[in-house]
Amino acid sequence: CSSDLATVQGIPGFLEPVGNNFSFMSWRTAGLTMAVGGIYLEPGIGPRGVNLDRLAEVGTFLAQFAVPFIIAGDFNMEPAELLSTEWAQKLKAQIVYPDVPFTCTSREGRVLDYYVVSKGLMPALRSISCSDETPWRPSGACPQNTGEAS
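Computed from a prediction, not measured in an experiment: that's the story for all the values here.

Cut-offs and rules
Residues numbered from 1 in each chain as written. Predicted model: local features only at pLDDT ≥ 70, side-chain atom pairs only at ≥ 80, totals over all residues. Heavy atoms only, no water. Pairing = 2+ DSSP bridges. Helix = DSSP H or I, 4+ residues; strand = E, 2+ residues; numbered from the N terminus. Phe/Tyr/Trp six-rings, centres within 6.5 Å; stacked < 30°, edge-to-face > 60°. Salt bridge = Lys/Arg side-chain N within 4 Å of Asp/Glu carboxyl O. Buried < 20%, exposed > 50% of the residue type's maximum accessible area, 1.4 Å probe, protein only. Axes fitted to C-alpha atoms, helices over the stretch in contact; angles between N-to-C directions. Contact = heavy atoms within 4.5 Å. Core = buried A, V, L, I, M, F, W, Y, C linked by side-chain atoms within 4.5 Å. Expected span 1.5 Å × (residues − 1). Arc of directions from axis to C-beta.

Okay, the pairing of strand β3 (residues 22-29) next. Across 8 bridges, the pairing between β3 and strand β4 (residues 32-40) is antiparallel. Each residue of the ladder has a partner; that of Ser26, found in β4, is Ala35. Counting the residues in the hairpin turn of β3 and β4 gives 2 residues, including Gly31, whose phi is positive at 80°.

Written out as structure tokens, the structure reads:
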């Protein structure tokens with residue numbers, strides 16, 4: 001992977017797909033460049049196997065750049081399970097999730113869709129809310145940044 005976050009294959013602002021089921025792009029505004037990414041982890045296995053491998057791959061990728069980041073993801077595990085891996089802490093980030101009973105309607109309903117945000121960006125994050133008007137199922141609610149963080 002190129003160490004220049006701002007340019008990939010001559011296209012300013014975009015990164016080529018980095019790995020299996022995750023990707024990033026750069027976003028630049030006055031005085032700030034950050035990485036914005038998405039991740040999908042495998043369902044039904046929690047913080048084990050390929051999911052830990054994928055998280056390690058994302059961590060290795062982000063370590064190449066000295067920029068803050070936001071990762072939106074279908075983590076397919078509860079925030080407490082991700083927290084138990086200490087992955088976010090190692091990235092100097094915080095797990096941010098909506099204050100709702102579920103974001104996935106499969107089975108008993110659980111919070112599986114949320115963000116991991118660099119601690120330096122946390123003061124700019126006001127809240128996470130949900131919308132049940134998504135075309136994806138079984139995700140019945142999708143995190144969106146609109147107000148105060150939980």
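Resuming the write-up.
Let us now look at the packing of aromatic side chains. Counting across every chain of the model gives 4 aromatic pairs. Members of the aromatic cluster, each reached through a chain of ring pairs, are Phe22, Phe24, Phe61 and Phe65.

A few words on the pattern of salt bridges. Per the counting criterion, the structure on display carries 1 salt bridge. Here Arg54 and Glu42 are joined by a salt bridge, their closest N and O atoms 3.4 Å apart. Of the two residues, Arg54 sits in helix α1 (residues 49-63) while Glu42 sits in the loop between β4 and α1, which places them 12 residues apart along the sequence. When its relative accessible area of 5% is taken as the criterion, Arg54 is described as buried.

Another point: the sheet that holds strand β5 (residues 69-74). A sheet is described by the order of its strands in space; here 5 strands give the open sequence β3-β4-β5-β7-β6, paired in mixed fashion. The strands lining the two open edges of the sheet, one partner per strand, are β3 and β6 (93-96). Ignoring which end each strand starts from, the neighbouring axes of this sheet average 20° apart. Of the strands in this sheet, β3, β4 and β5 are in contact with α1, which crosses β3 at around 30°.

Moving on: the nonpolar core. By size, the foremost hydrophobic cluster in this structure holds 22 residues, and its most contacted members are Leu62, Ile71, Phe75, Leu82, Trp87 and Val116. Every element with two or more residues in this core is listed here: β3, β4, α1, β5, α3 (87-90), β6 and β7 (113-118). The leading source of residues in this core is α1, at 4 residues. Apart from the residues lying within four places of it in its own chain, the contact partners of Leu82 are Leu55, Phe75, Met77, Trp87, Ile95, Tyr114 and Val116. Counting residues in each nonpolar core, the second largest holds 7 residues, with Val96, Tyr115, Val117 and Leu125 among its members.

Now for the side chain of Ser118. You can see Ser118 is positioned in strand β7. When sequence neighbours within four positions are dropped, the list of residues in contact with Ser118 reads Pro68, Phe69, Lys92 and Ala93.

Here we come to α1. Its 15 residues give α1 an end-to-end C-alpha distance of 21 Å, which sits within 8% of 21 Å, the value for a rise of 1.5 Å per residue. Asn51, Arg54, Leu55, Val58, Gly59, Phe61 and Leu62 are the residues of α1 that are buried. Take α1 and look down its axis: the buried residues cluster within an arc of 165°, on one side only. Exposed and facing more than 90 degrees away from the buried side of α1 are Asp53, Thr60 and Ala63. If you follow the buried residues of α1, they end up packed against β3, β4, β5, α2 (79-84) and α3.

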